[in-house]
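Letter by letter, the chains look like this.
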Amino acid sequence: MPGSTSSWGVAAITLVCLATVAVGALGLRLSRTTSDFYVAGRVVTAGWNASAIGGEYLSAASFLGVAGLVYSLGTHMLWLPVGYTLGYLVLLVLVAAPLRRSGAYTIPDFAEARLQSDRVRRLASLLVVAIGWLYLLPQFQGAGLALRTVTGGSPALGSFIVAVVVFASVAAGGMRSITLVQAMQYWIKLFAIAVPAFVLLWLWARGGQPLPSVSDPAGPFGGALPAYATREHPLYATYSTMLALCFGTMGLPHVLVRFYTNPDGRAARRTTVFVIALLGLFYLFPPVLGMLGRIYLPDLPQDARADSILLLLPSAMVPGMLGDLLSAVLAAGAFAAFLSTASGLTVSVAGVVDQDLFSSRLNRRLGGDLPRRKTFRLACVVAIAIPYAASWLAPSITLADTVGMAFAIAASTFCPLLILGVWWRRLSVAGAAAGLLVGGGLALGATLATFAGVGSSVSGWLPVLLAQPAAWTMPLAFATAVIVSLATPRSVPLNATRVMVRLHAPEEVTGRVGSHGD
Amino acid sequence: MPRVAPMPVQAPVDAMVVSVAGVGLIFGLALLVIRLVRRRRFVDPVDRATYETLHTAALATRSLRDGLTPEGATRATRHLRSMLGSTAVAITDTAATLAWDGAGSHHRNHVRAHAEPVLSSGRTLVLGFDEIVCHDPDCSIRSGIIAPIVADDRVVAALAAYGRHTSTGLVRATEELAGWISTQIELAELGRQRTRVVEAELRALRAQISPHFIYNCLAAIASFVRTDPDRARELLLEFADFTRYALRRGGAYTTLRDELQNIERYLALEKARFGERLVVSLTIAPEVLAVSVPFLAIQPLVENAVRHGIEHKAGVGHVTITAADVGATAEITIEDDGAGSDPETMRAVLAGESGGDSLGLGNVDARLRQAFGDEYGLVVETAPGAGTKVSFRVPKFAPGVHSGP
């Protein structure tokens, strides 16, 4: 409860923080036993890889935000977790295997491999940084929230602790993305949400409280699924958000780097299928807890946000030690979610800042060889400090909404780049650049306008269009990329056909001569 | 109807702070974009002209990097025309017209014929109204200047500038430009030769599975034939696989997985020979197994480590092979606790000044640098009696580097 210091909660969060830093620093030694032979034959299996993707993907928005939205808006929000998972279906069908075959590690790499253009690469790098920052912002906010709810400390302290812990773990050796460690994160999160959910469900079943009424069409748990019922033009807002989630997932910087670990295109597809299953499993629980919150906490306590309902629920249902304990487990899970997602994002953003925007310039300016590690740490500071500062300034938009904007930008920029890059031979350098500029400019502009509060003073279409921009920015970006490409056939890269063959032909056909499976 | 927020909306102070932050962010982004675009402003028109000429020349250089290919020539002529300021520019080699840029492209197929005397004599030729036949009264191609492009004392191509009129200035400019292209083509040829040398070295390195190694292997296998026929059979199969891999034909790159698999075969054979004296440990991050590395880049390093760690030393020798995942790169380290060597000798080996007894080290270093750039060379840490540690980094993605044929 706010104000009352829960020693369990503090202990749980401290444990999670210490474990994260320790794993970052000692990760390699802990996770790898030196074995003698046939090491090279060992690959990261699809199951482990999928767990690792789940571990990085399930963020504060998933852990707290979904439950908060189901709590405040009812069954209308059930499609949101579906949307968070659906993106991987699109990823699976359209890009997973070709992207792996391209050999690209990041999206800027893909742009370079496909278009041979340094400028498009630079543009893609800038967008990776923008999306990463926007996605990091709610992580810091959510962490502050979790800490305040559990310990009663100030939210500023929570964000600060997350910023420091993320920096410590990433700078100490977080450049090593250890699959095993990230995979464990998924199972910790699942455990941290599933166990309290089952205990609370059991308590509810024994207590005999009635379900929220579904038959009342006016109530939050009744009627059809108009979604976003409290906003104007709910149908548009829903479709736009769904579009952003469906097509934005493929553009998230910290998700894509994981696909590199797959040995080939087929393994990339198999991994994606596993990811969908694992995410589906996880997303069963937040709505259940949101519904229980509706039953036991019909009115949100003073000065609490809907996002924190998950953490308030156990104490409300079972005051005393069990409640504190469950609350602590949930808080630890939420904190683990912040840390793993924030670390993954920081590594991706810092990597791009370091490699594409930073280190060559710094070295040129200082005229010497700065050690790689030093420039990377500097890049880490940049990657963390800006969203941390913004988390102070940004208004209290719900966690899920801010994340939705990151998805919208990804959907309006990288989605056209990836889909056209993979499936359309005539994509030209100029077309790709124009698509990125138009999509990125519009979506970023809409996001900034929403943050600046343009929407809160006027009513009508404008605020809705600005808050959920994907439905118009994404088609515009696609159209721009296609039209400009058709108009500039001369800037189609010369080896486009060869690259396309490599992207689409299975590895056995393009021939890995070195393998001796026969 | 006001927008209903799921939580209390805060006071207008927040809105102000936010808008200030928003403006700040936009301002910062704008600054960043300006920095990125980096259009330099020139006060002095002479400075500006110099800059623009040099810039255009640099652009043309990039297109001519692969020598006179039709694609490169097409891209280069665009810049060449803007340097000359003529109506059209064409490049022809001894076989056919390579590229035409500018108006009047129906003359494209005549260029080769126009250039015939230049290609045979090597002298610049000025064509007048009579030589250029055109039935289109609006066509602005009335005269032309054709200058030879010479590489290795042979006329390999010709540069033609067409327009309504010619002038002495344009003739001299065309000649100068043709000379400049000649230099670029010679440079491209040098680059190609360097690639060929590296390829030849790679072939040599493949053939260099040292005769000693083959002899030692067969001797070790022979010693097992009576005492442990199963092991002997296994080793022979390893040997067969090892040679098949090392002598394969195909691309210059392979995956780290395949390379490490081959090293395991190699180590199995060496263990048969040295028995308990050789202790090897591998620590491989599975995340980097898919990284593309130059073919046979690691095996020579391991072979060196085994030789230094065991052969020149009494007692047990340890060899450690590590492949770690470090952000966008993979770091590969091969370490032995053997005799070590003088850092100066090592430097000379890496610089290619002496082969020394460190087989192929210079070759691996050169191939890594050629594939990934100069910052990705070998790093050797050694001192007499202190063992040797060789490490290098490989980017997870590098343009143009793919495993496979």
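Predicted model only: the values in this text are computed from it and were never measured. (Residues numbered from 1 in each chain as written. Chains lettered and ligands numbered in written order. Predicted model: local features only at pLDDT ≥ 70, side-chain atom pairs only at ≥ 80, totals over all residues.)

1. Considerations on the overall build of chain B
Here is step 1 of the chain: In terms of regular secondary structure, chain B is built from eleven helices and twelve strands.
Here is step 2 of the chain: Taken over 405 residues, chain B has a buried fraction of 40%. (Helix = DSSP H or I, 4+ residues; strand = E, 2+ residues; numbered from the N terminus. Buried ≥ 20, exposed ≤ 12 C-beta atoms within 10 Å, placed from the backbone.)

2. Topic: the packing of helix α3 (residues 60-73) of chain A against helix α6 (residues 118-151) of chain A
Residue and element names in this part refer to chain A.
Here is step 1 of the chain: Two numbers describe how α3 lies on α6: the axes approach to 10 Å, and their chain directions differ by 60 degrees. Taken together, the axes of α3 and α6 lie oblique to each other. Our pair here, α3 against α6, has a crossing hand that is left-handed. Counting all contacts with α3, which are made through Ala60, Ala61 and Leu64, the residues of α6 involved are Pro138, Gln139, Gly142, Ala143 and Ala146.
Here is step 2 of the chain: Each residue belonging to the contact of α3 with α6 can be placed in one class, and the counts come to six nonpolar, two polar and no charged. (Axes fitted to C-alpha atoms, helices over the stretch in contact; angles between N-to-C directions. Parallel < 35°, antiparallel > 145°, perpendicular 65-115°, else oblique. Left-handed = near helix turned anticlockwise from the far one by under 90°. Contact = placed C-beta atoms within 7 Å. Nonpolar A, V, L, I, M, F, W, Y, C, P; charged D, E, K, R; others polar.)

3. Regarding the sheet that holds strand β11 (residues 379-382) of chain B
All names here are of chain B.
Here is step 1 of the chain: Taken in spatial order, the five strands make up an open sheet running β7-β9-β10-β12-β11, and their pairing is mixed. The two strands at the open ends of the sheet, each matched to only one other strand, are β7 (278-284) and β11. Across the sheet, the mean angle separating the axes of adjacent strands is 10 degrees when strand polarity is ignored.
Here is step 2 of the chain: Both β7 and strand β9 (residues 317-326) contribute to a ladder of seven bridges, which runs parallel. When the sheet's bridge partners are listed, Val280 is paired in β9 with Val319. (Pairing = 2+ DSSP bridges.)

4. A few points about the nonpolar core
Here is step 1 of the chain: Ranked by size, the top nonpolar core spans 234 residues in total, and within it Ala331 and Phe335 of chain A carry the most contacts.
Here is step 2 of the chain: With 20 residues, α6 of chain A is the largest single contributor of residues to this core.
Here is step 3 of the chain: Look past the residues within four positions of Phe335 of chain A in its chain and what remains in contact with it is Ile13, Val16, Ala143 and Ala146 of chain A.
Here is step 4 of the chain: Judged by nonpolar contacts, the second largest core, of 35 residues, contains Ala73, Val111, Ile146 and Ala158 of chain B. (Core = buried A, V, L, I, M, F, W, Y, C linked by C-beta atoms within 7 Å.)

5. Some remarks on the confidence of the model for chain A
All names here are of chain A.
Here is step 1 of the chain: Residue-level pLDDT values for chain A average 80, and 82% of them are 70 or greater.
Here is step 2 of the chain: Mean pLDDT values over the elements of chain A span from 65, in helix α18 (residues 454-457), up to 94, in helix α20 (residues 470-487).
Here is step 3 of the chain: Scored below 50 in pLDDT, residues 1-5 makes eleven contacts in the model with residues more than four places away or belonging to other chains.
Here is step 4 of the chain: Note that residues 512-518 has pLDDT below 50 and, in this model, 14 contacts with residues that lie over four places away or in other chains. (pLDDT = per-residue confidence, 0-100.)

6. Here we look at the pairing of β11 of chain B
All names here are of chain B.
Here is step 1 of the chain: Residues Val380 and Thr382 point to one face of β11 and are all buried, whereas Val379 and Glu381, pointing to the other face, are not buried.
Here is step 2 of the chain: Judged from the four bridges that link them, β11 and strand β12 (residues 388-395) form a sheet pairing that is antiparallel. Bridge pairing in β12 links Glu381 to Lys389.
Here is step 3 of the chain: Adjacent in sequence and paired antiparallel, β11 and β12 are bridged by five residues, among which Gly385 carries a positive phi angle near 80 degrees.

7. Things to note about the confidence of the model for chain B
Detailed reading of predicted coordinates is not advised where the pLDDT is low.
Residue and element names in this part refer to chain B.
Here is step 1 of the chain: Residues of chain B with pLDDT of at least 70 account for 88%, and the chain-wide mean is 81.
Here is step 2 of the chain: Confidence, read as mean pLDDT per element, is least for helix α1 (residues 12-37) in chain B (67) and greatest for β12 (91).
Here is step 3 of the chain: The low-confidence segment residues 1-12 (pLDDT under 50) makes 20 contacts with residues lying over four places distant or belonging to another chain.
Here is step 4 of the chain: In the model output, the complex is listed with pTM 0.74 alongside ipTM 0.80.

8. Looking at the sheet that holds strand β5 (residues 154-163) of chain B
Residues and elements named next belong to chain B.
Here is step 1 of the chain: Read from one edge of the open sheet, five strands run β2-β1-β5-β4-β3, paired in antiparallel fashion. Looking at which strands have only one partner, the edges of the open sheet turn out to be β2 (97-102) and β3 (125-127). Between one strand axis and the next, the sheet turns by 15 degrees as a mean value, whatever way the strands run.
Here is step 2 of the chain: Bridge count for strand β1 (residues 88-93) against β2 is five bridges, and the pairing is antiparallel. Along β2, the bridge assignment pairs Ala88 with Gly102.
Here is step 3 of the chain: Sheet strands in contact with helix α4 (residues 111-121) are β1, β2, β3, β4 (143-151) and β5, and its direction is about 130 degrees off that of β5.

9. Quick look at unusual backbone geometry
Here is step 1 of the chain: Phi angles above zero are rare outside glycine, and Gln116 of chain A is one such case at about 50 degrees.
Here is step 2 of the chain: Of note, Gln116 of chain A is situated in the loop between α5 (107-115) and α6.
Here is step 3 of the chain: The backbone of Leu296 of chain B shows a phi angle near 55 degrees, a positive value even though the residue is not glycine.
Here is step 4 of the chain: Position of Leu296 of chain B relative to the elements: it lies in the loop between β8 (292-294) and α9 (299-311).

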